[in-house]
Amino acid sequence: MNKKIGVLVSGRGSNLQALIDRLPGLPLEISVVISDVPTAFALERARRAGIPALVIEAGGKSRQEFELALAGALCQYEVDFTVLAGFMRLMGPQFLAQAPGPVINIHPALLPAFPGMHAQAQALAYGVKVSGCTVHFVDEGMDTGPIIAQRAVPVLDSDDADSLAERILEQEHILLPEVVGLVAAGRVVLENKKVRIKGE
Ligand code: GAR
């Protein structure tokens, strides 16, 4: 039976779109898309695909209220797990305790290098020769949870933050649907804070 997922977004939603485009080949459906930003284009992408699109804003709520509201909506849509796809907020213990099932996140760097905001600019400023993207389980830290999979992207001398971000994004659009499909298929196993992919 198909798994149900919830996707949390804050912006343009190109990773959400990559998931939507790959849905026919994946053992899952997207039950709900939730944004903390009412103007996020990701909401429009969800509506066009016929997926319920909700806005839950942080403003006017305590952090605890906001996290419980998000987790409550995910429970209401009976999701099996949650994907953060460009969701630009650090989620705390309330959310993780109440969210139905695991939470995974995509980050535009090879973690544990360059967590947090502007990861591509951080990579360029440091002068690394290779960067990339990471999909990981979310824990209470900032981009610190167990790594599920990564894809590398060479950094070119001619790169600026935008060109590097664009090439990393191409790899994100491959990696995220692949990993979400593996999680939905029950092939991602977490043992002693390390991830093993069954059948690989
Ligand atoms: C993506 O590059 C994603 O990895 C990044 O935001 C972008 C969202 O793009 N996420 C983070 O930096 C989280 N720390 P999208 O809205 O087009 O998918």
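The structure reproduced in this document is the subject of the present report. Positions within a chain are numbered from 1, following the residues in the order the chain's sequence is written. Local features are withheld for residues below a pLDDT of 70 in this predicted model, meaning they are given only at 70 or higher, and side-chain atom pairs are given and counted only at 80 or more; totals for whole chains, interfaces and linings count all residues. Computation of side-chain values covers all heavy atoms of the structure but excludes hydrogens and water.

**Things to note about the overall build of the chain**
The cut-off we apply is this: Strands are runs of DSSP state E lasting at least 2 residues, helices are runs of H or I lasting at least 4, and numbering of each runs from the N terminus. As defined in this context, the radius of gyration uses C-alpha atoms, and a globule is described by 2.2 Å times the residue total to the power 0.38. Accessible area is worked out with a 1.4 Å probe on protein chains only. A residue is then buried under 20% of its type maximum, exposed over 50%, and partly exposed in between. Each accessible area is a Shrake-Rupley result for a 1.4 Å probe, and residues are judged covered by the shown protein chains and nothing else.
Counting its regular elements, the chain contains six helices and nine strands. Its C-alpha radius of gyration of 16 Å places the chain within 12% of the 16 Å reference for a compact globule of 200 residues. Burial status across the chain gives 48% buried among its 200 residues. As presented, the chain carries roughly 9800 Å² of accessible surface, and 52% of it is formed by carbon and sulfur atoms.

**Focus on the site of the ligand**
To be explicit about the condition: We define proximity as follows: a residue is near a molecule or strand when any one of its heavy atoms falls within 4 Å of that partner. Any pair of nitrogen or oxygen atoms within 3.5 Å is treated as a polar contact; in protein, a donor-acceptor pairing is required on top of that, and neighbouring residues in sequence qualify only through side-chain atoms on both sides. Only protein atoms enter the calculation, which uses a 1 Å grid: trapped sets of points that fit a 1.4 Å probe without letting it out are cavities, open sets showing protein on both sides within 12 Å along at least five of seven lines are pockets, and any residue with an atom within 4 Å of a point is a lining residue. Just a note on the criterion: a molecule sits in a pocket or cavity if more than half of its atoms are within 2 Å of the grid points.
Neighbouring residues of the ligand: Arg 12, Gly 13, Ser 14, Asn 15, Gly 86, Met 88, Ile 106, His 107, Pro 108, Leu 169 and Glu 172. One of the backbone nitrogen or oxygen atoms of Gly 13 is found 2.8 Å away from an oxygen atom of the ligand. In this structure, an oxygen atom belonging to the ligand sits 2.9 Å away from a main-chain N or O atom of Asn 15. Because more than half of its atoms lie within 2 Å of the grid, the ligand is assigned to the largest pocket.

**A few points about the packing of helix 1 (residues 14-22) against helix 2 (residues 41-48)**
The condition that has to hold: The convention used is that axes are lines fitted to C-alpha atoms, helices contributing only their stretch in contact, and that angles between N-to-C directions extend from 0 to 180 degrees. Our angle categories are set so that under 35 degrees counts as roughly parallel, over 145 as roughly antiparallel, 65 to 115 as roughly perpendicular, and the remainder as oblique. By definition, turning the near helix anticlockwise from the far helix through less than a right angle yields a left-handed crossing, and turning it clockwise yields a right-handed one. The contact criterion used throughout is that any non-hydrogen atoms of two residues lie within 4.5 Å.
At a minimum axis separation of 9 Å, helix 1 and helix 2 run at an interaxial angle of 15°. Taken together, the axis directions place helix 1 and helix 2 in an arrangement best described as roughly parallel. You can see that helix 1 and helix 2 cross each other, and the crossing is right-handed. Together, Ser 14, Leu 16, Gln 17 and Ile 20 of helix 1 and Ala 42, Arg 45 and Ala 46 of helix 2 make up the contact between the two elements.

**Notes on the sheet that holds strand 3 (residues 53-55)**
The line we're drawing: Pairing between strands is defined by DSSP: at least two bridges between them are needed.
Taken in spatial order, the seven strands line up as 3-2-1-4-5-6-7 in an open sheet, and their pairing is mixed. The sheet is open, and its two edges are formed by strand 3 and strand 7 (147-154), each paired on a single side. Each neighbouring strand pair of the sheet contributes to a mean axis angle of 20°, computed without reference to strand direction. Bridge count between strand 5 (residues 103-107) and strand 6 (residues 130-137): four bridges; the pairing is antiparallel. In the strand pairing of strand 6, His 107 is matched with Thr 134.

**Some words on the environment of Glu 57**
As for its placement among the helices and strands, Glu 57 is situated in the loop between strand 3 and helix 3 (63-76). Glu 57 gets classed as partly exposed once you look at its relative accessible area, which sits at 40%. For the pair Glu 57 and Phe 114, spaced 57 residues apart in sequence, the C-alpha separation works out to 27 Å. Setting aside residues no more than four positions away along its own chain, Glu 57 makes contact with Asp 36, Pro 38 and Phe 66.

**Side note on the pairing of strand 2 (residues 28-35)**
Stated precisely, the cut-off is as follows: With the strands aimed away from the viewer, a crossover counts as right-handed if its path from the first strand over the helix to the second runs clockwise.
For strand 2, a buried count of seven out of eight residues is recorded, marking the element as mostly surrounded by other parts of the structure. Taken together, the seven bridges between strand 1 (residues 3-9) and strand 2 define a ladder with parallel strand orientation. Each bridged residue has a counterpart across the sheet, and for Ile 5 the counterpart in strand 2 is Ile 30. Read from strand 1 through helix 1 to strand 2, the crossover connection turns out right-handed. Across three bridges, the pairing between strand 2 and strand 3 is parallel.

**Section: helix 2**
Basically, it comes down to this: What the arc measures is the spread of directions leading from the helix axis to the C-beta atoms.
Every buried residue belonging to helix 2 is among Ala 42, Leu 43, Arg 45 and Ala 46, and all of these are buried. Along the axis of helix 2, the buried positions cluster into a sector of 160°, meaning they face one direction only. Tucked inside the fold, the buried residues of helix 2 contact strand 1, helix 1, strand 2 and strand 3. Residue Gly 50 follows helix 2 closely and has a positive phi angle near 75°.

**As for the layout of surface pockets**
Our working definition: Grid points are joined across faces, edges and corners, and a volume is the space filled by probe spheres set on the points. Gly counts as polar in this scheme, as do all residues outside two lists: the nonpolar Ala, Val, Leu, Ile, Met, Phe, Trp, Tyr, Cys and Pro, and the charged Asp, Glu, Lys and Arg.
Roughly 860 Å³ of volume is contained in the largest pocket. Lining the largest pocket are 36 residues, with Gly 86, Phe 87, Met 88, Ile 106 and Pro 108 positioned closest to its centre. Partitioned by chemical class, the residues of the lining of the largest pocket number 16 nonpolar, 14 polar and six charged.

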